[in-house]
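Here's the letter readout for the chains.
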Amino acid sequence: MDSVANKEIKRIGVLTSGGDAPGMNAAIRAVVRACTYYGIQVYGIRRGYRGLLDGDMFEMNARSVSDIIYRGGTILQTARCHSFREHEGIVKGKKMTEIFQLDALVVIGGDGSFKGALELAREGVPVIGIPGTIDNDIGCSDYTIGFDTAMNTVRDAIDKIKDTASSHERCSFVEVMGRNAGYIALNCSIAGGAEVCLVPEKPYSLEVDVVRRIIACRNRGKHHYVVIVAEGVGGTLELAQQVKDITGIETTATILGHIQRGGSPTVKDRVMAGKMGVKAVLALKNGEINKIVAAQGEKCVTIDIEEALQMKKELDEDMLLANDILNV
Ligand code: F6P
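Residues numbered from 1 in each chain as written. Predicted model: local features only at pLDDT ≥ 70, side-chain atom pairs only at ≥ 80, totals over all residues. Heavy atoms only, no water.

## With respect to the sheet that holds strand S2 (residues 41–45)
Here is the rule: Strands were regarded as paired on the criterion that DSSP finds at least two bridges between them. Where helices and strands are cited, they refer to DSSP runs of H or I of at least four residues and of E of at least two residues respectively, numbered from the N terminus. Note on geometry: axes are lines fitted to C-alpha atoms, helical ones only across the stretch in contact, with angles between N-to-C directions running from 0 to 180 degrees. Between two residues, a contact is recorded if the distance between any of their heavy atoms is within 4.5 Å.
Taken in spatial order, the seven strands line up as S3-S2-S1-S4-S5-S10-S11 in an open sheet, and their pairing is mixed. Looking at the sheet topology across the chains shown, the edges are occupied by strand S3 (57–60) and strand S11 (299–304). Put simply, the sheet's adjacent strands are angled 30° from each other on average, direction ignored. Pairing between strand S4 (residues 104–109) and strand S5 (residues 127–131): five bridges, direction parallel. Within the sheet, the bridge partner assigned to Leu105 lies in S5 and is Val127. Each of strand S1 (11–16), S4, S5, strand S10 (291–296) and S11 touches helix H9 (residues 267–285); the most contacted strand, S5, lies at about 170° to it.

Okay, structure coming up:
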């Protein structure tokens with residue numbers, strides 16, 4: 001698979017794919033404005049790979065992205081496109097890039113979206129990925145667009161739940177998103193001062209890690225107990241019932257759900273989207289193709305897409321320890 005374009009990139013397509021994330025609009029804006037700056041034509045593709053297959057695209061310019069930086073969601077809309085998981089879909093996608101004479105595609109999305117991009121790259125369509133998902137679960141990148149906004153939404157919810165939980169001396173179970181990853185859960189547990197945090201990366205015992213911990217908190221005079229459950233752990237309603245049955249403490253269960261995906265992006269998400277969007281276009285302008293833009297600390301780098309998809313990200317042991325120490 002090539003990593004250098006064999007011709008000058010003059011026209012690109014940009015799409016958002018998979019679950020939307022706050023800051024995707026800021027990333028679209030950055031891509032479009034950087035293209036305008038470097039004299040590259042840019043087409044916005046609606047509804048992710050679904051729109052690519054349908055040829056549902058339109059030319060964009062600097063004005064097409066006015067007043068979107070503060071808006072959640074994605075103006076291009078998004079979809080989870082099942083036919084793009086089949087080889088036939090990939091071939092049709094390639095055909096559409098030829099029909100619309102797109103020299104490259106910028107894909108803003110998560111892991112699943114990048115797998116589709118890799119298949120396109122294998123068929124000879126130059127691609128570049130920008131990590132956009134609230135889950136922060138892209139192995140090659142320290143950060144994914146949307147993560148900070150989602151965490152702030154969760155943190156706000158925990159603060160509010162705590163107010164009522166302490167008034168009633170209840171134990172509140174809060175299920176947060178993250179698919180198979182516990183980044184949102186762990187960070188929000190620390191930020192929200194939760195008593196217990198259950199993540200899919202770490203097996204737990206109901207008796208030791210949940211019940212004993214809650215009883216210990218009660219014995220120390222606490223009036224509220226917040227248990228964060230990552231969605232990858234699941235079973236939140238049953239867990240809440242089990243803890244009530246064993247401890248006699250009244251429990252509530254709140255599944256935060258899609259509220260975590262919405263809202264105006266935070267400064268961090270807008271800035272990261274700006275940096276990543278410009279980096280993606282700059283890479284294409286310099287003939288770099290089939291890469292993922294990745295955050296390494298404060299810097300943005302590009303990593304070969306095949307390599308990037310092999311990379312794994314572990315939960316930070318120091319954070320797990322800090323969570324254990326701080327929240328009892
Ligand atoms: O990947 C983002 C995410 O919000 C996950 O945290 C969650 O598991 C999933 O998407 C939900 O997807 P959908 O909106 O398609 O139900």
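Structure shown, so let's carry the discussion forward.
## Here we look at the side chain of Ser189
Tracing the sequence through the fold places Ser189 in helix H6 (residues 183–192). Among residues more than four places away in sequence, those in contact with Ser189 are Ala194, Cys197, Ile228, Asn323 and Asn327.

## Re the pattern of salt bridges
Applicable threshold: One side-chain nitrogen of Lys or Arg within 4 Å of one carboxyl oxygen of Asp or Glu is enough to make a salt bridge. Categorising residues by exposure relies on relative accessible area from a 1.4 Å probe, with only protein chains included: less than 20% of the type maximum marks a residue as buried, more than 50% marks it as exposed, and the intermediate range marks it as partly exposed.
On inspection of all chains with the given rule, the structure shows 19 salt bridges. Among the salt bridges present, the one from Arg47 reaches Asp54, with a minimum N-O distance of 3.3 Å. Note on Arg47: relative accessible area 28%, which makes it partly exposed. The partner of Asp159 in a salt bridge is Arg155, and the shortest N-O contact between them spans 3.1 Å. Of this pair, Asp159 and Arg155 both sit in helix H5 (residues 147–168), four residues apart, which is roughly one turn of the helix. With relative accessibility at 31%, the residue Asp159 sits in the partly exposed group. Among the ionic contacts, a cluster of salt bridges with common partners joins Arg46, Arg47, Arg50, Asp54 and Asp56.

## As for the sheet that holds strand S9 (residues 251–255)
What the four strands build is an open sheet, ordered S7-S8-S6-S9; its pairing is parallel. Lying at the two open borders of the sheet, with one neighbouring strand each, are strand S7 (196–198) and S9. Taking the axes of each pair of neighbouring strands and ignoring which way they run, one obtains an average angle of 15° across the sheet. Where helix H8 (residues 236–247) meets the sheet, it contacts strand S6 (171–176), S7, strand S8 (225–230) and S9, and its direction lies at approximately 170° from that of S9.

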